[in-house]
Every structure is written in C-alpha cells, then in structure tokens.
Amino acid sequence: MNCPDFLIIGAQKSGTSWLHRQLRQHPDVFMPPDKDAPFFFNDYNETLGFLARFKNAPINSLRGDACASYFWTRNTGPYPNEFNRDISFAIRQHLGSEMKFIVMLRHPVRRAISAYLHHIVHGSLSSACSILDAPKELGLISISRYSLHLRHWHEDYPANQLLILPAPDAVNAAYILSATSRFLTLAAHSNFQNKEEKVFEGLERVFLDDGVWVALNDQTLIHDAKTRNLPWTELKGKKFIRLIHKSELEVVQNELGEDTNLFDEIFPKSQIG
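Note that the structure is a prediction, hence the values are computed from the model and not measured.

S.K.: Can you explain helix H4 (residues 108–121)? Please cite residues and give values.
M.R.: Residues spaced three or four apart along an α-helix point in a common direction, a consequence of the helix completing one turn every 3.6 residues. Here H4 is 14 residues long and its end C-alpha atoms lie 20 Å apart, about the 20 Å a rise of 1.5 Å per residue gives. Within H4, eleven of the 14 residues are buried, leaving the element largely enclosed by the surrounding structure. Along H4, the residues classified as buried are Pro108, Val109, Arg111, Ala112, Ile113, Ser114, Ala115, Tyr116, Leu117, His119 and Ile120. Looking one or two residues beyond H4, the residue adopting positive phi is Gly123, at roughly 80°.

Written out as structure tokens, the structure reads:
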C-alpha cells in the first residue's frame, strides 16, 4: 500500500532538489521532506524502512521520492563503500515493474564541474585539489557517463517509464513542470512557488578561453588558491581565480565526449537554447 509511484533518480547537480521542492507543493503529491535518503544506493535490505517513508501519505495522493545518487550504475567505478552497483535491478525487485522515473541531466561536462565546486563548498573536497586529482569515489566524471547509465536503466525499465529532462538552468522552468505533470498524469497546478529560484546557488563561475574562473568569496578558497599558486583576475568588480585550467577542462571534455553527443541528441540546442 505504501509503495511510491515514482522516483526522481538524478543525476546529481542537475536540478533534482529544485524539482523535489516544486512537486512537494502540489496538492496531489506526497513526497517525504528529506531528500536523498540512500536506501537503494547502498546494498539494500531495508524494504520496510523505505516504505515507512510514505505511511503518512493521503490515500489518493501520488507518492514519490528523490535521491540524486540512484542514476549512478555499474562499470563506472571506483565507487563509495557499500555502493549498490545494480540500483535499477534492486528497485525493480523491491518496488515492482510499474514504477515511473524522472531523470534530470545537465550538460555532462558542466555537471562534472558543478559537482567539483559543490564538494568544495561543502568541505568534502579542498580547492587545493584539481578536478582531475579528486577522488574517483566522488563520481565527478563517472556520474556524467550518461550513455552507460541510461543503457543500464533501460535494461530494467522501458524507455516510456523514464522521463528525461534538462536541468532548470537550461530551459524554462515552466516547461519542466508541465512535462513532469503530463508524465505523472497530474492535474494542472498553478501554485508552484518561485519556479525560477535555485535551491543551491553554488560558487559563482565564469567560463573563459583559458579555463573556468571562480569568484573568491570565502577565506578557505583563498587559502587553497594560494597553495596551488592559481592565477587571479578581476571580473565584474570581483576577484576570481582560475580553478580549472583549459588543459584540465579538455581532459574532462574528452572523457565525456560520447555522453556529450548523447546529451546534444536528447536536448537539441533549438530546444534548450
């Protein structure tokens, strides 16, 4: 009775927190307030604990949950400890074959950069560490391997049960909410609040010909920048450091070439601008 109807499964740093916040406002949707509870991300044996998340759902509501780590699949490690490499299979085994899934994707290179900066902001990675030297277990590159992850998910669920959406910074937010409502067969809802508002602002960044420059807005970043002897400049009246050199950016772009082609195929520039 408490099985969810849909899951937002990722990818990390692609707008899943924003969509979770928006859907929780819908009067016909129930979603637990805490996002990213990693039940299926770990080796999974807590079915009852997971279903208890929906015990307070109104009888006729559409039930959903969100964990941005679920999109990550096998053959793209190394992984965090106790990582479940068959998340899609585990979900099918425990929640059945009728589930619907929402996948949000940012441009794979931009997503990797956003994840790198996210870990710096939250203290799980020092800016003294380059994007190429970051621990592989963080998934900066591997989570952006969209071609592999979608292929694995389609082994357990047909394509019509996965809605693939662009990140909200790439397209009008109303488009995402409209597509989501159609996919979940939700009645039109005009009371979504602050549709354009970001959940996490992140570090301000600028992409220039010689790399990615980040605003110096805290003392930790300034200290780490000195450790790496990174160049700085002034842009828009603020000090910026070049946190990612163009040669490092080229390595990431080459690593994710296939996934970038897939992203451009799914979301033509005429669609997302």
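S.K.: Provide a residue-level description of the sheet that holds strand S6 (residues 205–208), including the pertinent values.
M.R.: Spatial ordering of the open sheet is given by S6-S7-S9-S8, a layout of four strands whose pairing is antiparallel. The open sheet terminates on both sides in strands that have one partner only, identified here as S6 and strand S8 (232–235). Averaged over all neighbouring strand pairs, the angle between strand axes comes to 35°, with direction disregarded. Against the sheet, H4 touches S6, strand S7 (211–215) and strand S9 (238–245), its axis set at about 120° to S9.

S.K.: Which residues make up the pairing of strand S4 (residues 100–105), and what values go with them?
M.R.: Across the six residues that make up S4, a large majority, five, are buried. Alignment of strand S1 (residues 6–10) against S4, held across four bridges, turns out to be parallel. By the bridge assignment for S4, Leu7 is matched with Phe101. Direction of pairing for S4 relative to strand S5 (residues 162–166): parallel, over a ladder of five bridges. Bridging across to S5, Val103 finds its partner in Ile164.

S.K.: Any chance you could break down the packing of aromatic side chains for me, citing the residues and the numbers?
M.R.: Evaluation of the coordinates by the stated rule reveals 14 aromatic pairs. With a centroid separation of 4.5 Å and an interplanar angle of 5°, the aromatic rings of Tyr79 and Phe83 are classed as stacked. Taking 5.1 Å as the distance between ring centres and 65° as the angle between the ring planes, the aromatic pair formed by Phe263 and Phe267 counts as edge-to-face. Pair check on accessibility: Phe263 and Phe267 agree, each one buried. Linked through ring pairs, Phe39, Phe40, Phe50, Phe54 and Tyr70 together constitute an aromatic cluster. The ring of Trp232 is capped by Lys239, whose NZ or CZ atom sits 4.6 Å from the centre of that ring.

S.K.: Run through the packing of helix H3 (residues 87–95) against helix H5 (residues 146–156), naming residues and quoting values.
M.R.: Contact geometry for H3 and H5: axes closest at 8 Å, N-to-C directions at 25°. Between H3 and H5, the interaxial angle falls into the category roughly parallel. The element H3 and its partner H5 pack so that their crossing is right-handed. Judged by residue contacts, Ile87, Ser88, Phe89, Ile91 and Arg92 of H3 engage His152, Trp153 and Asp156 from H5. Split by residue class, the contact of H3 with H5 holds four nonpolar, two polar and two charged.

S.K.: Outline the sheet that holds S4, supporting the account with residue identities and numerical values.
M.R.: Reading across the sheet, the five strands line up as S2-S3-S1-S4-S5 and stay open at both edges, with parallel pairing between neighbours. Across the chains shown, the open sheet's two edge strands, defined by having one partner strand only, are strand S2 (29–30) and S5. The pairing of S2 with strand S3 (residues 62–66) spans two bridges and is parallel. Bridging from a neighbouring strand, Val29 pairs with Leu62 of S3.

What counts, and at which threshold
- Per chain, residues are indexed from 1 in the order of the written sequence.
- Since the coordinates come from a predicted model, pLDDT governs what is reported: local features require at least 70, and pairs of side-chain atoms require 80 or more to be given and counted, while whole-chain, interface and lining totals use all residues.
- Just so you know, side-chain values use all the structure's heavy atoms and leave hydrogens and water out.
- Only DSSP runs of H or I reaching four residues or more are called helices, and only runs of E reaching two or more are called strands; each is numbered from the N terminus.
- Expected helix span is computed as 1.5 Å times (number of residues minus one).
- Relative accessible area decides the class of each residue, using a 1.4 Å probe on protein chains only: under 20% of the type maximum gives buried, over 50% gives exposed, and in between gives partly exposed.
- Strands were regarded as paired on the criterion that DSSP finds at least two bridges between them.
- Throughout, an axis means a line fitted to C-alpha atoms (over the contacting stretch in the case of helices), and angles, computed between N-to-C directions, take values from 0 to 180 degrees.
- Whether two residues are in contact is decided by their heavy atoms, any of which lying within 4.5 Å being enough.
- Put simply, two rings from Phe, Tyr or Trp (the six-membered ring, in Trp's case) pair if the centres are within 6.5 Å, and we call them stacked under 30 degrees between planes, edge-to-face over 60, tilted for the rest.
- Each ring is checked for a lysine NZ or an arginine CZ that lies within 6 Å of its centre and within 35 degrees of its normal; such an atom marks a charge sitting over the ring.
- Any angle that falls under 35 degrees is termed roughly parallel, while one over 145 is termed roughly antiparallel, one within 65 to 115 roughly perpendicular, and all others oblique.
- With the far helix as reference, a near helix turned anticlockwise by less than a right angle produces a left-handed crossing, and one turned clockwise produces a right-handed crossing.
- Polar here means any residue outside two lists: the nonpolar Ala, Val, Leu, Ile, Met, Phe, Trp, Tyr, Cys and Pro, and the charged Asp, Glu, Lys and Arg; Gly therefore counts as polar.

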